[in-house]
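Summary of structural features
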Amino acid sequence: MRVLILGGDGYLGWPTAMDMAAAGHEVLVADNYLRRRIAEATDSEPLLATPSLSERARIFRAVSGHNISVRIVDLSDADAMFDLVRGFMPDSVIHYAEQPSAPYSMRGFNEARETFRNNLDVTFNCIWAVKEIVPECHIVKLGTMGEYGTPNIDIEEGWLEVEHKGRKDTFLYPRAAGSLYHTTKVLDTDLLWFYVRTYGLRVTDLMQGPVYGISTPEADLDPRLCPNFHYDDMFGTVINRFLVQAVAGVPLTVYGKGGQVRGYLNLRDTLQCVRLAAENPAKPGELRIFNQLTEVFSVNEIADRVKAVGDRMDLDVKIESIPNPRKEKEEHYYNPTHTGLTDLGLKPHLMTDDVLAVMLERIIENRYNIQTDRIMPRVRWNG
Ligand code: USQ
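Everything numeric in this text was worked out from a predicted model, so none of it was measured.

Overview of the environment of Ile375
Positionally, Ile375 belongs in the segment after α12 (353-365). On a C-alpha basis, the gap between Ile375 and Gly258 in space is 17 Å, while along the polypeptide they are 117 residues apart. Once you skip the residues sitting within four places of it in the chain, Ile375 turns out to touch Tyr231, Asp233, Arg241, Gln245, Val250 and Thr253.

Here it is, written out as structure tokens:
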């Protein structure tokens, strides 16, 4: 397939590009380095320096023989998106090109507006470019489990059958996101659903939980191919952050009571899920929604697991509840269905003690890069 990856410089976009190229697909990645610019401006750079996209593509070709083409382009510009799609004529577009940080989106008006504009404009331009130029092309869109929030009923896979006054119909599952970033993904889903049902586009919307991990088969070929491993309060996801905190000797930052439950997955499984979705496309006129997670943990359970493995490696890990900078339930029901990707063939890599230990070892090798002033939350939801 000809696979166009929007947001190919990101934590997930770059390893996806390598995975797709290694699987024999023709890959073009596009990115405008928005996340790099925000990370620099907010002093939130990743643990390991990542070369530019062109440089990473050059290194990847040298070590693997696989080609990844690169365009540095702002996809919120409609002309740029149309030119990109017309020039490549993709069979599949994988859309990661969004400002992905919930805390950044809650920092203030400018950051909220930047997140809102970028995320909605890129999705809108992507939909229109596909509709006008390659209407058969399958869009694989990265959504988030955060779209659903934490409802007091089971979370179904995208849709809910409702019986009301003796009649039945099926609707998008109710959404109630907890940050402006997560809300942009809710709006993306609504936009996609409108264009799917009106123009017969083919779309898979992946409701992904927080991802952890640093290693993939291709990233392990050369340290410079490593994904952007963030541990800061802006871009770092909670498991990656706790592992770095364990190495840095900073007490694990449990926000509030720590009963917040989410569905997690290993970076390797993100690659599997996205490839399974792309290689088994949705039908014309279908908005297919999968819940993309493999395991469910509370923040307290993650902290306990990291402490247990860290202590066995003589790290003397401490856990500390700190005031929650976010507005979210700290104790709640959480039971998401996630069978769609398993049915397509997903073989989960679970968060075993060995997986955590290998990640800790990698972080220990790079412990002198850790900047502890990036760890404590710098953004509060209530301003
Ligand atoms: N948390 C802590 N301590 C920390 C960091 C986080 O207790 O030091 C808690 C948060 O309050 C939250 C949970 O851990 O309850 C998960 O937080 P997170 O920062 O790992 O994840 P989140 O901000 O929700 O966002 C991340 C990605 C985002 C993706 C999302 C999937 O940054 O791009 O969409 O995970 S989900 O959370 O399922 O919506």
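Examining the pattern of salt bridges
Tallied over the full model, the rule gives 27 salt bridges. Its salt-bridge partner being Glu26, residue Arg2 comes within 3.0 Å of it at the nearest N-O pair. Taken as a pair, Arg2 in strand β1 (residues 2-6) and Glu26 in strand β2 (residues 26-31) lie far apart in primary sequence, 24 residues in all. Taking the shortest distance from any N to any O, the salt bridge between Arg202 and Glu136 comes out at 3.1 Å. In this pair, Arg202 is assigned in strand β8 (residues 202-208) and Glu136 in the loop between α6 (109-133) and β5 (138-144), connecting sequence segments 66 residues apart. Judged by relative accessible area, Glu136 falls into the exposed class, the value being 55%. Taken together, the salt bridges that share partners define one network made up of Asp9, Arg35, Arg36 and Arg56.

Some thoughts on the nonpolar core
Leu4, Leu6, Leu75 and Met81 are the most contacted members of the largest nonpolar core, which totals 39 residues. For this core, the secondary-structure elements that each account for two or more residues are β1, β2, α4 (78-88), α6, α7 (180-199), β8 and β12 (287-292). Sequence-distant contacts of Met81, that is, excluding residues within four places in its chain, are made with Leu6, Leu75, Val122, Asn125, Cys126 and Ala129. Among the nonpolar cores identified, the runner-up in size contains 35 residues, and Val3, Ile59, Val274 and Ala277 belong to it.

Quick notes on unusual backbone geometry
If you check the backbone angles, Asp43 has positive phi at about 55 degrees while not being a glycine. On the secondary structure map, Asp43 appears in the loop between α2 (34-41) and α3 (53-64). Even without being a glycine, Asp316 presents a positive backbone phi close to 50 degrees. Note that Asp316 resides in the loop between α10 (299-312) and β14 (319-322).

Parameters at a glance
Residues numbered from 1 in each chain as written. Predicted model: local features only at pLDDT ≥ 70, side-chain atom pairs only at ≥ 80, totals over all residues. Heavy atoms only, no water. Helix = DSSP H or I, 4+ residues; strand = E, 2+ residues; numbered from the N terminus. Contact = heavy atoms within 4.5 Å. Salt bridge = Lys/Arg side-chain N within 4 Å of Asp/Glu carboxyl O. Buried < 20%, exposed > 50% of the residue type's maximum accessible area, 1.4 Å probe, protein only. Core = buried A, V, L, I, M, F, W, Y, C linked by side-chain atoms within 4.5 Å.

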